[in-house]
Amino acid sequence: MGLFNNIFGSKNEGENEKEVKIPWIALTSVEQLSEIEKKSLTKPQVIFKHSTTCGISRMVLNMFTKNYAFEDGQMDFYFLDLHSFRQVSDETGYKFQVMHQSPQLLVIKNGGVVAHDSHGAITDINLEKYL
């Protein structure tokens with residue numbers, strides 16, 4: 001059984017791992033974008049734009065969640081459901097001058113975007129750099 005567990009993972013794998021919970025703030029209104037911009041003057045703000053119908057977006061979200069290791073209050077994390085809030089997604093691009101992609105991560109600091117990327121490159125963004 002050891003060989004199969006090494007190849008396929010054991011049934012008990014992850015039992016000792018702490019479940020990661022990102023303290024998401026739902027991004028549901030255009031007005032929140034001004035709030036994000038203002039709050040970015042005192043601490044970094046992160047927006048994760050997610051497509052609920054895209055398998056790649058789900059995979060990247062899972063990878064991002066798995067790698068999350070921040071203490072409460074270091075950054076604010078906003079979650080934007082692109083399909084439910086298309087107008088907010090469009091306005092995010094206009095306000096922060098980034099072309100829409102999905103999935104997409106934006107890091108806002110001092111009123112502007114200091115990093116953004118999409119798809120698998122999201123996990124390459126070193127968020128600690130912006131603390």
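Residues numbered from 1 in each chain as written. Predicted model: local features only at pLDDT ≥ 70, side-chain atom pairs only at ≥ 80, totals over all residues. Heavy atoms only, no water.

Spatial ordering of the open sheet is given by E1-E3-E2-E4-E5, a layout of five strands whose pairing is mixed. Of all strands in the sheet, those bounded by a partner on one side alone are strand E1 (24–26) and strand E5 (112–118). The average undirected angle you get between the axes of adjacent strands in this sheet is 25°. Inspection of the sheet shows E1 paired to strand E3 (residues 76–81) by three bridges, in the parallel sense. Opposite Trp24, over in E3, you have Phe77 as the bridge partner. Contacting E1, strand E2 (45–50), E3 and strand E4 (104–109), helix H2 (residues 31–39) crosses the sheet at an angle of about 155° to E3. (Pairing = 2+ DSSP bridges. Helix = DSSP H or I, 4+ residues; strand = E, 2+ residues; numbered from the N terminus. Axes fitted to C-alpha atoms, helices over the stretch in contact; angles between N-to-C directions. Contact = heavy atoms within 4.5 Å.)

On to helix H3 (residues 55–66), then. Here H3 spans 16 Å end to end across twelve residues, near enough to the 16 Å set by a 1.5 Å rise per residue. Tucked into the core, H3 has its buried residues touching E1, E2, E3 and E4. (Expected span 1.5 Å × (residues − 1).)

Running from amino to carboxyl end, H2 crosses helix H4 (residues 86–96) at an angle of 40°, the nearest separation of the two axes being 10 Å. With respect to each other, H2 and H4 are oriented oblique. Read as a crossing pair, H2 and H4 show a hand that is right-handed. Contact residues: H2 offers Leu33, Ser34, Ile36 and Glu37, while H4 offers Val88, Glu91, Thr92, Lys95 and Phe96. In terms of residue class, the contact of H2 with H4 is built from four nonpolar, two polar and three charged. (Parallel < 35°, antiparallel > 145°, perpendicular 65-115°, else oblique. Left-handed = near helix turned anticlockwise from the far one by under 90°. Nonpolar A, V, L, I, M, F, W, Y, C, P; charged D, E, K, R; others polar.)

This next bit is on the nonpolar core. Nonpolar side chains tend toward joint burial in soluble globular proteins. Counting 17 residues, the largest nonpolar core has Phe48, Phe64, Met75, Phe77, Leu105, Ile125 and Leu127 as the members making the most contacts within it. Taken together, the elements giving at least two residues each to this core come down to E2, H3 and E4. When residues in this core are grouped by element, the largest group, three residues, is from H3. Apart from the residues lying within four places of it in its own chain, the contact partners of Ile125 are Leu105, Val107, Ala115, His116, Asp117 and Tyr130. By size, the runner-up hydrophobic cluster in this structure holds twelve residues, among which are Leu33, Ile36, Tyr78 and Leu106. (Core = buried A, V, L, I, M, F, W, Y, C linked by side-chain atoms within 4.5 Å. Buried < 20%, exposed > 50% of the residue type's maximum accessible area, 1.4 Å probe, protein only.)

Before going further, it helps to examine the pattern of salt bridges. Counted under the stated rule, the structure contains four salt bridges. The residue Lys39 makes a salt bridge to Asp76 at a minimum N-O spacing of 3.0 Å. Residue Lys39 is found in helix H2, and its partner Asp76 is found in strand E3; the two are separated by 37 residues along the sequence. On the accessibility criterion, Lys39 (26% relative accessible area) is partly exposed. Given a relative accessible area of 10%, Asp76 falls into the buried group. A salt bridge links Asp76 to Lys43, with the shortest nitrogen-to-oxygen separation between them at 3.2 Å. With a gap of 33 residues between them, Asp76 in strand E3 and Lys43 in the loop between H2 and E2 connect regions that are remote in the sequence. What makes Lys43 partly exposed here is its relative accessible area of 24%. Each of Glu35, Lys39, Lys43 and Asp76 takes part in a single network of salt bridges with overlapping partners. (Salt bridge = Lys/Arg side-chain N within 4 Å of Asp/Glu carboxyl O.)

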